[in-house]
Amino acid sequence: MTLWQSYVQGWKKYVDFRGRASRKEFWTFALGNLLIIILLTMGVSLGFTLVGNPYSVFYAGVAYTLFALATALPLLAVGVRRMHDINRSGWWFGGVYLAGIVSRLLNSILMEYASPETYVWMKITLGIVLGWIPLLVMVFLCCQKSRPAPATQTRIVE
């Protein structure tokens with residue numbers, strides 16, 4: 001399978017959470033989208049700057065947000081299939097999404113009730129515990145080799 005076919009496979013199976021995705025398919029899709037999002041935001045920002053629009057960073061942020069929303073579900077699906085390929089539950093990959101949601105929820109609570117000093121330290125702690133650690137675990141898991149599917153056990157009743 002070529003790189004382009006691997007990338008397109010992620011879009012074709014954008015809501016398919018069953019089955020398996022190879023390392024090549026996952027990393028081609030993830031890094032391809034990362035490259036597109038970098039080029040998109042830089043292009044939008046540069047384009048609006050060249051025409052003299054003072055809000056070029058705002059429009060680049062809008063472009064980034066729209067593309068990130070468009071790729072969230074396909075990336076989740078290919079990530080879940082990648083976890084299946086190493087014989088793990090898809091919830092391992094979904095945990096990164098859940099950690100981000102929990103982090104934002106706790107951040108909102110901290111903004112309301114914590115002192116400025118406490119907020120700064122808890123924000124750093126949340127960023128490490130609910131941001132970097134799950135991300136590094138997922139990178140490690142997604143780099144592992146494929147494993148054969150476990151043999152299903154059948155019970156013969158006589």
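Residues numbered from 1 in each chain as written. Predicted model: local features only at pLDDT ≥ 70, side-chain atom pairs only at ≥ 80, totals over all residues. Heavy atoms only, no water.

Going by an unreviewed UniProt entry, the protein carries the name DUF805 domain-containing protein and comes from Rahnella variigena.

Undergrad: Would you take a moment to explain the nonpolar core for this structure?
TA: General note: in soluble globular proteins, nonpolar side chains tend to be found buried as a group. Phe26, Val78, Met83, Phe93, Met138, Leu141 and Cys142 are the most contacted members of the largest nonpolar core, which has 14 residues in total. Every element with two or more residues in this core is listed here: helix H2 (23-50), helix H3 (56-85) and helix H5 (116-142). If one sorts the elements of this core by residue count, H3 sits on top with four residues. Sequence-distant contacts of Phe93, that is, excluding residues within four places in its chain, are made with Phe26, Leu75, Leu76, Gly79, Val80, Met83, Met138 and Cys142. (Core = buried A, V, L, I, M, F, W, Y, C linked by side-chain atoms within 4.5 Å. Buried < 20%, exposed > 50% of the residue type's maximum accessible area, 1.4 Å probe, protein only. Helix = DSSP H or I, 4+ residues; strand = E, 2+ residues; numbered from the N terminus. Contact = heavy atoms within 4.5 Å.)

Undergrad: What am I meant to see in the packing of aromatic side chains here?
TA: Two descriptors summarise a pair of aromatic rings, namely the distance from one centre to the other and the angle between the planes of the rings. Taken as a whole, this structure holds eight aromatic pairs when the rule is applied. Among the aromatic residues, ring-to-ring pairing joins Trp4, Tyr7, Trp11 and Phe29 into one connected group. Here the guanidinium or amino end of Arg88 rests over the ring plane of Trp92, the centre of that ring lying 4.7 Å away. (Phe/Tyr/Trp six-rings, centres within 6.5 Å; stacked < 30°, edge-to-face > 60°. Lys NZ or Arg CZ within 6 Å of the ring centre and 35° of its normal.)

Undergrad: Quick question: what am I supposed to make of the UniProt feature "transmembrane region" (unreviewed entry) in the protein here?
TA: When the UniProt feature table is mapped onto this chain, "transmembrane region" (unreviewed entry) is found at residues 26-51, 57-78, 90-107 and 119-143. Annotated as residues 26-51, this span is 96% helix and 0% strand, and its ends, taken at the C-alpha atoms, are 38 Å apart. Summarising residues 57-78: 100% helix, 0% strand, and an end-to-end C-alpha distance of 30 Å. (UniProt positions renumbered as here; feature names shortened; annotations may be inferred.)

Undergrad: What exactly am I supposed to notice about the packing of helix H1 (residues 3-12) against H2 here?
TA: How two helices pack is summed up by the angle between their axes together with the distance between the axes. For the pair H1 and H2, interaxial distance at closest approach is 8 Å and the crossing angle is 85 degrees. Put simply, H1 runs roughly perpendicular to H2. Residues Leu3, Ser6, Tyr7, Gln9, Gly10 and Trp11 of H1 form the contact with H2, whose participating residues are Lys24, Glu25, Thr28, Phe29, Gly32, Asn33 and Ile36. Across the contact of H1 with H2, the residue classes break down as five nonpolar, six polar and two charged. (Axes fitted to C-alpha atoms, helices over the stretch in contact; angles between N-to-C directions. Parallel < 35°, antiparallel > 145°, perpendicular 65-115°, else oblique. Nonpolar A, V, L, I, M, F, W, Y, C, P; charged D, E, K, R; others polar.)

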